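# A structural walkthrough
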Amino acid sequence: MTETHDAKAARPSDTPEAGRSGKQGYDPESVEARWYRFWEEHGLFRADETSTAPPYSIVIPPPNVTGSLHMGHALNNSLQDILIRWHRMRGDNTLWMPGTDHAGIATQNVVERQLRQEGLTRDEVGRDAFVERVWTWKRESGGTIIRQLRTLGASCDWARERFTLDPGLSHAVREVFCRLYEAGLIYRGDYIINWCPRCQTALSDLEVEYQEQDGKLWHIRYPLASGSGDVVVATTRPETMLGDTAVAVHPADERFRRLHGRRVTLPVMNREIPIVIDEYVDREFGTGVVKVTPAHDPKDFECGLRHRLPQIKVIGDDGRMNENAGPYAGQDRFACRKGVVKQLAHEGLLAKVEDHRHAVGHCYRCQTVVEPSLSRQWFVKMAPLAEPAIRAVEDGRIRIIPGQWEKTYFEWMRNIRDWCISRQIWWGHRIPAWYCDPCGETVVSRETPAACPRCGGGLRQETDVLDTWFSSALWPFSTLGWPEQTRALSVYYPTSCLVTGFDILFFWVARMIMMGLRFMGDVPFRDVVIHGLIRDEQGDKMSKTRGNVIDPLHVINGATLEDLLNGAQAGGAPAAALDSIRRQYPDGFPRFGADALRFTLTALAGQGSDVKLSVKRIEGYRHFCNKIWNAYRFLAPHLTDGDGEHLSPFDLPLTLADRWILSRLNAVTQGVAEAFQGYRFNDAASLLYQFLWHEYCDWYLEIVKTKLAGPGDEAGRRAGRILLARVLEQALRLLHPIMPFITEEIWQRLPHQGHSIMAAPWPQPDPRLEFPQAVASMEHLMEITREVRNIRSSYNISPAQEVPLLVKTGNAEQDAVLAACREYLVSLARLSRLEFGQGLTKPSLAATVVVRGLEVHVPLEDVIDVDAERERVRKELAKTEAALERIARKLGNPDFVGKAPPAVVSQQRAARAELADQHAKLEATLAHLEAQGKSSD
């Protein structure tokens, strides 16, 4: 049943007056928690599988269970929430599926750190006890980020929350593994993998982060076995030469044709190895001769297979040299490097050493240098899965937005390598494979087998677990109940949209596409919306070592300087970063609230660009909250019980300003919907900010104020307050997806229909409310008013002082426009008199501008003392020139530009630009005043 609320009945019984903050402005503290609790208690986030409305569904990118909300999460989830709230208001059957990822390596590391503090290791505790300990940690501490998402305002269907290790998802993971194995798409084999000696596990290619580092390129002499000379090989990893089983040259490289078929003696190890001919050799790198170490380099591994070379592993899983390393067995790999180089130099085999900058792979989790290593692992054959995933994007079944990312997607998918899915840790989905030692049988099964099916012997289960991303790849359908054919799966799959950062396009998005097509026969989502990274206001990456990280919870809830410093220290920030925080935020942060943060992120989230975030921008949008709140506070005392009556605007006596604001609201309604439809979130935010702050508050409300304060014309006053309320109510509905809390708070206090703005209908544009002539007239009015205000500022005329205005028109149509605007213009521009017409002449002493073909004159003769004003402007010019000189000296000093913090340099450049603009205006004013003086002489 539809509810209609008048102004006094607009507040639910459990809503205290705390939202009213008096002169301090809007206070989010009491509002946000209260309304979130209200939404949850009334079941407003819940999806309805039985609904006949069009389905709209999003699965949340599951944050790590170890995680805490960072600004990237805040951006990602704000954008998702905008789409969800918008579609919910449109009447769609809306589901936002929440959940968390078990984050195998990260979570295991957390608990291992706890054990180390107790003097224990995981091996001492044992696998079962360790896994139970991780589950205990998860139950006690794993819900942090979910609570923080609630603080942000995320309207997920929390009753459906999933975890990648819960029973249902574990069942789905085992089913997928078995089906892929049975189809020959999962296999176990020896291959070069990325190995982390610290985490003691294999990593997929995507889990390796490459960092540019300064290193060395060592040129080493390999003596020819015949004793007739040597060849020089260049390498960045001399410790791996202990496992060399060949050197290689390119078949087309004429420099080394004489070496074909010959052999060399491997230095240090003194064993003969062949010279092989292979096209994989890069003739431009080093000397053009490369060492071949099949057990420690992926390209060398492939070369070794082609030439049937031995595979000698010389670096153990612990990062120390093993028994195959000869005299260096037992040494750390980097200590071995130094020892080998020293021995080569001593023996005269080190030809030269060059500085060399190159990319070095690091573990994404612990930042240890990764070791390419030969290992027996489980793999997924990716090429057969990638082909249909490529076609799905090519034929438009999946759109990647912005489209520039499609090229990157295709390049990666067309050059995809098999995926190493086994991890040597204990926390995760244990691989459902068992081995029979007596007969060598491998059994992969959905259920735990009792005995070997071949010989009846006992079995031992694989100790490895699956890569965390394996279970995440199933997220869009496993969370909906697959492999069971549930009602939720039939209604909400495929999902509608995925919002994500580009950094997990291949980790996660591509793999979900492959798995969805394989097991559901359809794409997992229709649109993939990729947003940028959060950077600081200078465009630099946020980093704890720089001290430029902004914690979203500090922004929402407020933080003292001590809070900021403690958070930075906990993240390992160095002293320089802490000093930077002290300089920038000596008073900490006030409580900005979730709405201000959400609006900031939305306003800055342009398609295809990163977000340059600053506290000043967040503070600016907190002022936006205050602006809306104060507009309501002005309106509230004027509302009466009868103002909630549902009237058409055409039932009211509409003025020019009324027709203008209704027309503008109509255009904004259309524009916001189109922006959301096109995922142009920042455009929607810009439209709403411009409308509410500048058009509704700065112009329409100021016009209606005069009407409400004036005598008589009760019908006009009633129409004014009704339209003020109605326009604000509709604008709040448009704004609600971005700023859910303040919109609910004010909406509940206005005349409205329904029990929550969340469930209120999304506004629709009405072509009957388009009044182009009123819009054109108001644009004339606003531009003339702005120019009069600029003249006041240029000539130091008090805003309270009334001034005369003469406008020379060119035709009767312009006369009609000014006649329609006369009342508003006199009030808004604070005019003592207004004259307009086609025959007016310019006064002898006046400030003049041209506005849309109209000559606008502000006579100055009785308004200012020309001589005194001329002297004032000269003094202001001198001050401005001195300030410009000071800044020019600073910016011309290389020491300042090179050593000062980038933010300080940027501020000085901005100040210079502002002063230059001010200087130009002062010069123009002075020129005009001096011209007036000459004419009077």
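Residues numbered from 1 in each chain as written. Predicted model: local features only at pLDDT ≥ 70, side-chain atom pairs only at ≥ 80, totals over all residues. Heavy atoms only, no water.

What follows covers the overall build of the protein chain. Broken down by element type, the protein chain carries 29 helices and 31 strands. C-alpha extents for the protein chain along the principal axes are approximately 110 × 75 × 55 Å. In the protein chain, which comprises 937 residues, the share counted as buried stands at 54%. Here the analysis covers contacts within the protein chain between residues at least 6 apart in sequence; of these, 77% occur between residues at least 24 apart. In the form shown here, the protein chain has an accessible surface area of approximately 40200 Å², with 48% of it arising from carbon and sulfur atoms. Looking at charge distribution, the protein chain has the averaged site of its 113 positive side-chain charges lying 2 Å from that of its 121 negative ones. (Helix = DSSP H or I, 4+ residues; strand = E, 2+ residues; numbered from the N terminus. Buried < 20%, exposed > 50% of the residue type's maximum accessible area, 1.4 Å probe, protein only. Contact = heavy atoms within 4.5 Å. Areas by Shrake-Rupley, 256 points an atom, 1.4 Å probe, with all protein chains shown as cover. Lys, Arg positive; Asp, Glu negative; His and termini not counted. Charge placed at Lys NZ, Arg CZ, Asp CG, Glu CD.)

If you look at the biggest cluster of nonpolar residues, it comprises 223 residues, and the most contacted ones within it are F470, M515, L613, Y696, L728 and L805. The element contributing the most residues to this core is helix α22 (residues 681-709), with 15 residues. With residues near it in sequence (within four places) discarded, M515 still touches V176, L180, W419, F470, A473, L474, F477 and M520. Counting residues in each nonpolar core, the second largest holds 29 residues, with L224, V233, V247 and V340 among its members. (Core = buried A, V, L, I, M, F, W, Y, C linked by side-chain atoms within 4.5 Å.)

Let us now look at the packing of helix α3 (residues 104-117) against helix α5 (residues 127-141). Remark: α3 packs on α5, axes separated minimally by 10 Å, with the N-to-C direction vectors making an angle of 105 degrees. With respect to α5, the element α3 is oriented roughly perpendicular. For the pair α3 and α5, the contacting residues are T107, Q108, V110, V111, E112, Q114 and L115 in the first and F130, R133, V134 and W137 in the second. Of the residues belonging to the contact of α3 with α5, the class tally is six nonpolar, three polar and two charged. (Axes fitted to C-alpha atoms, helices over the stretch in contact; angles between N-to-C directions. Parallel < 35°, antiparallel > 145°, perpendicular 65-115°, else oblique. Nonpolar A, V, L, I, M, F, W, Y, C, P; charged D, E, K, R; others polar.)

Moving on: the side chain of D157. Structurally, D157 is set in the loop between α6 (144-152) and β5 (162-163). Reaching out from D157, the side chain makes a polar contact with the backbone nitrogen of A47 at a distance of 3.0 Å. With sequence-adjacent residues up to four places away left out, D157 is seen in contact with F45, R46, A47, L95, W96 and P98. (Polar contact = N/O pair within 3.5 Å; in protein donor to acceptor, adjacent residues only side chain to side chain.)

Each aromatic ring pair is specified by the distance between its two centres and by the angle formed by the two planes. Counting across every chain of the model gives 38 aromatic pairs. Geometrically, the ring pair formed by Y36 and W39 is edge-to-face, given 6.1 Å between the ring centres and 65 degrees between the ring planes. With Y36 and W39 both in helix α1 (residues 28-41) and three residues apart, this pair spans about one turn of that helix. In this structure, Y36 and W39 share a single accessibility class: buried. Through a chain of ring-to-ring contacts, the aromatic side chains of F177, Y181, W378, W419 and F470 assemble into a single cluster. Above the ring of W419, the side-chain terminus of R511 is found at 3.9 Å from the ring centroid. (Phe/Tyr/Trp six-rings, centres within 6.5 Å; stacked < 30°, edge-to-face > 60°. Lys NZ or Arg CZ within 6 Å of the ring centre and 35° of its normal.)

Below, the discussion takes up the sheet that holds strand β20 (residues 442-444). The strand order across the open sheet built from three strands is β20-β19-β21, with neighbouring strands paired in antiparallel fashion. Only two strands of the sheet have a single partner each, and these edge strands are β20 and β21 (460-461). For strand β19 (residues 433-435) and β20, the ladder comprises three bridges, and the chain directions are antiparallel. By the bridge assignment for β20, W434 is matched with V443. (Pairing = 2+ DSSP bridges.)

This brings us to the environment of R122. Of note, R122 is situated in helix α4 (residues 122-125). Overall, the relative accessible area of 12% leaves R122 in the buried class. Along the chain, R122 and W426 lie 304 residues apart, while their C-alpha atoms are 9.2 Å from each other. When sequence neighbours within four positions are dropped, the list of residues in contact with R122 reads Q108, E112, L115, F130, Q200, Q424, I425 and W426.

The next point concerns the side chain of N666. Along the chain, N666 falls in helix α21 (residues 656-677). In contact with N666, other than residues within four places in its own chain, are P765, D766, P767, L769 and E770.

Moving on, we come to the environment of G189. Take G189: it is sitting in strand β6 (residues 186-196). Along the backbone, G189 and C420 are 231 residues apart, and their C-alpha atoms lie at a distance of 10.0 Å. Setting aside residues no more than four positions away along its own chain, G189 makes contact with S375, R376, Q377 and F379.

Bringing the sheet that holds strand β15 (residues 371-380) into the picture now. Taking strand neighbours across the sheet as the criterion, the four strands line up as β7-β6-β15-β17 in an open arrangement whose pairing is antiparallel. Among the strands making up the open sheet, the edge pair consists of β7 (201-203) and β17 (419-420). Examined bridge by bridge, β6 and β15 share ten bridges and lie antiparallel to one another. The partner of N194 across the bridge, within β15, is P372.

This next bit is on the packing of helix α17 (residues 561-570) against helix α18 (residues 575-584). Between α17 and α18, whose axes approach to 10 Å, the crossing angle comes to 160 degrees. Accordingly, the angle class assigned to the pair α17 and α18 is roughly antiparallel. Considering how the two elements wind past one another, α17 and α18 form a crossing that is right-handed. Two secondary-structure elements touch here, α17 through L561, L564, L565, A568 and Q569 and α18 through L578, I581 and R582. Here the contact of α17 with α18 is composed, by residue class, of six nonpolar, one polar and one charged. (Left-handed = near helix turned anticlockwise from the far one by under 90°.)

A complete count under the given rule lists 52 salt bridges for this structure. As a salt-bridge pair, R454 and E441 come within 2.8 Å of each other at their nearest N and O atoms. Separated by 13 residues along the polypeptide, R454 in the loop between β20 and β21 and E441 in the loop between β19 and β20 bring together distant segments of the chain. Residue class for R454 comes out exposed when judged on its relative accessible area of 56%. (Salt bridge = Lys/Arg side-chain N within 4 Å of Asp/Glu carboxyl O.)

What follows covers the pairing of β6. Examined bridge by bridge, β6 and β7 share three bridges and lie antiparallel to one another. Looking at β7, one finds that C196 is bridged to T201. Where β6 folds back on β7, the antiparallel hairpin that results is connected by four residues, among which Q200 adopts a positive phi of roughly 55 degrees.

All right, on to α3 then. If you check α3, its first and last C-alpha atoms are 20 Å apart, about what 14 residues at 1.5 Å a residue would give, namely 20 Å. Summarising burial for α3: ten of the 14 residues are buried, a large majority. By the burial criterion, the buried members of α3 are G104, I105, A106, T107, Q108, N109, V110, V111, E112 and L115. On the buried face of α3, the contacting elements are α4, α5, β7 and α12 (468-472). (Expected span 1.5 Å × (residues − 1).)

With respect to the helices and strands, L656 occurs in helix α21. Among all residues touching L656, those that are not within four sequence positions of it are A774, S777, M778, A820, C821 and Y824.

Cis geometry is found at the peptide bond from I401 to P402, where omega equals 0 degrees. For P402, the position within the fold is in the loop between β16 (399-401) and α11 (404-414). Across the junction of Y493 and P494, the peptide omega takes the value -5 degrees, indicating a cis bond. Checked against the element boundaries, P494 lands in the loop between α14 (487-492) and β23 (495-501).

Each regular strand carries side chains that alternate between the two faces of the sheet. As defined by bridge partners, strand β11 (residues 263-266) adjoins strand β12 (residues 271-277) across four bridges and the pair is classed as antiparallel. Residue pairing in the sheet places V264 in a bridge with I273 of β12. Connecting the antiparallel pair β11 and β12 is a turn made up of four residues, with V268 showing a positive phi of about 70 degrees.

Moving on to the confidence of the model for the protein chain. Mean pLDDT for the protein chain: 90, with 96% of residues reaching 70 or above. Here residues 1-23 is modelled with pLDDT under 50, and outside its nearest four sequence neighbours on either side it reaches 59 contacts, counting other chains as well. (pLDDT = per-residue confidence, 0-100.)

This brings us to helix α10 (residues 383-394). An ideal rise of 1.5 Å per residue puts 16 Å on twelve residues; α10 measures up with 16 Å between its terminal C-alpha atoms. Where α10 is concerned, the buried positions are L385, A386, A389, I390, A392 and V393. The arc enclosing the buried residues of α10, seen along the axis, measures out at 155 degrees, which places them on a common side. Lining the buried residues of α10 we find β15, β16, α11 and α15 (505-520). (Arc of directions from axis to C-beta.)

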